[in-house]
Amino acid sequence: MTSSMKLYNAQLSPYAARCRLAIHAKGLDVAMIDVAPGAVPPELDTLTPMHKVPLLVHGDVVVPESETICEYLEDLNLGTSLRPEGAAHIARMRLLARIGDLYIMEPMGNLFGQINPQGRDQALVDREMAELLKGIGWLTHYLDGSPFAVGDRLSLADCALVPMLFFFDRIGPMFGEATPLKHFPATDAYFGSVQNHPSAAKVVAELDAALRRMMGS
Ligand SMILES: N[C@@H](CCC(=O)N[C@@H](CS)C(=O)NCC(=O)O)C(=O)O
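Predicted, not measured: the structure shown is a model, and the values here were computed from it. Residue positions within a chain follow its written sequence, with the count starting from 1. Confidence filtering applies because this is a predicted model: local features only for residues at pLDDT of at least 70, side-chain atom pairs given and counted only at 80 or more, and all residues used for totals across whole chains, interfaces and linings.

Enquirer: Which residues make up the sheet that holds strand 2 (residues 31-34), and what are the values?
Expert: Note on pairing: DSSP must find at least two bridges between two strands before they are called paired. Put simply, DSSP marks the helices as runs of H or I at least four residues long and the strands as runs of E at least two long, and each gets a number from the N terminus on. The 4 strands lie next to each other as 2-1-3-4, forming an open sheet whose pairing is mixed. Strand pairing shows two members of the sheet lacking a second neighbour, strand 2 and strand 4 (61-64), which therefore form its edges. This sheet shows a mean twist of 20° between the axes of neighbouring strands, independent of strand direction. Bridging between strand 3 (residues 55-58) and strand 4 involves 4 bridges; their strand directions are antiparallel. Counted as the bridge partner of L56 is V63 from strand 4. Here, axes are lines fitted to C-alpha atoms. For helices the fit covers the stretch in contact, and angles between N-to-C directions go from 0 to 180 degrees.

Enquirer: Tell me about the site of the ligand, and name the residues and values.
Expert: Close to the ligand lie A10, S13, Y15, V40, H51, K52, V53, P54, E65, S66 and E67, which account for all nearby residues. Each residue receives one of three labels: charged for Asp, Glu, Lys and Arg, nonpolar for Ala, Val, Leu, Ile, Met, Phe, Trp, Tyr, Cys and Pro, and polar for the others, Gly being one of them. A breakdown of the residues in the shell around the ligand according to their chemical character gives 5 nonpolar, 3 polar and 3 charged. The rule is simple: place the C-beta atom from the backbone, and if it lies within 6 Å of a molecule or strand, the residue is near it.

Enquirer: Tell me about the nonpolar core, and name the residues and values.
Expert: Grouped together as the largest cluster of nonpolar side chains are 57 residues, with contacts concentrated most on A22, L96, L156, A157 and V162. Looking at this core, the element that brings in the most residues is helix 6 (residues 156-171), giving 11 residues. Segment limits for the domains were obtained from an automatic or database-derived domain assignment. For this core, the two domains that each supply at least three residues are domain 1 (2-75) and domain 2 (87-215). Contact partners of A157, with chain neighbours within four places excluded, come to M93, L96, A97, A149 and V150. Connectivity within a nonpolar core runs through C-beta atoms within 7 Å, and the core itself is a set of buried Ala, Val, Leu, Ile, Met, Phe, Trp, Tyr and Cys residues. Comment: burial labels come from other C-beta atoms within 10 Å of the residue's own C-beta, placed from the backbone, where a count of 20 or more is buried, 12 or fewer is exposed, and between is partly exposed. We call two residues in contact whenever the C-beta atoms placed from their backbones are within 7 Å.

Enquirer: With reference to specific residues and values, describe the pairing of strand 1 (residues 5-9).
Expert: Strand 1 sits mainly inside the fold: 4 of its 5 residues count as buried. The pairing of strand 1 with strand 3 spans 4 bridges and is antiparallel. Each bridged residue has a counterpart across the sheet, and for M5 the counterpart in strand 3 is H58. Bridging between strand 1 and strand 2 involves 4 bridges; their strand directions are parallel. Paired with N9 across the two strands is D34, which belongs to strand 2.

Enquirer: Go over unusual backbone geometry with me, naming the residues and quoting the values.
Expert: Here V53 and P54 are connected by a cis peptide whose omega angle stands at 5°. Along the chain, P54 falls in the loop between helix 2 (42-45) and strand 3. Phi is positive for H51, close to 55°, though the residue is something other than glycine. Secondary-structure assignment places H51 in the loop between helix 2 and strand 3. Of note, E65 is a non-glycine position whose phi angle comes to about 75°, a positive value. Along the polypeptide, E65 turns up in the loop between strand 4 and helix 3 (66-75). The exposure class of E65 is partly exposed, given the 18 C-beta atoms found within 10 Å.

The following block contains the structure:
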């Protein structure tokens, strides 16, 4: 049933990593089609005009956008559920993922373009770093000290947050902040404890390996 699914994937994409985490945790059999950074294959453009990974293909159903892919996988009711019980918990799950998408990934994406110190726009860096820290602060406000973002098991909120926090942790030193997570103890503790889940640990290891490959170390 799930063997007919394929995911256009990039190992270093935080959005693709979100989907991989959901796929691993749900125990689904999804073929990965790895796309090199900046080299979205032409066949993908025949499937969607959005020109982005991740993209899920399930028979004749084509699903772009990481959050939509994760929700689609949930709605198929296959494997382990990553949606908590009850409207309040589901709202909290969606809130945390949305804080991540809108207020963390947005400024962090702008910072990715400034990693090379040569030609860096320091005013832009200062502005986006302030926005990023504000977003992490909002996330920290809504984390409640438990090992998972919502309730007592992995949910789609964790799938969204783990890759983002990986990059937040790694991007700090590139901009002169050695340990950015230490300023947010609740988020730091959460990021440590969620990695006790094997699928979260696996995705962090995949991101780490992909980042090392990209940096040539
Ligand atoms: N909002 C999208 C973002 C996806 C995205 O930006 N993917 C990047 C890789 S991290 C990409 O494919 N970029 C290629 C391009 O924009 O041409 C999601 O949640 O899936």
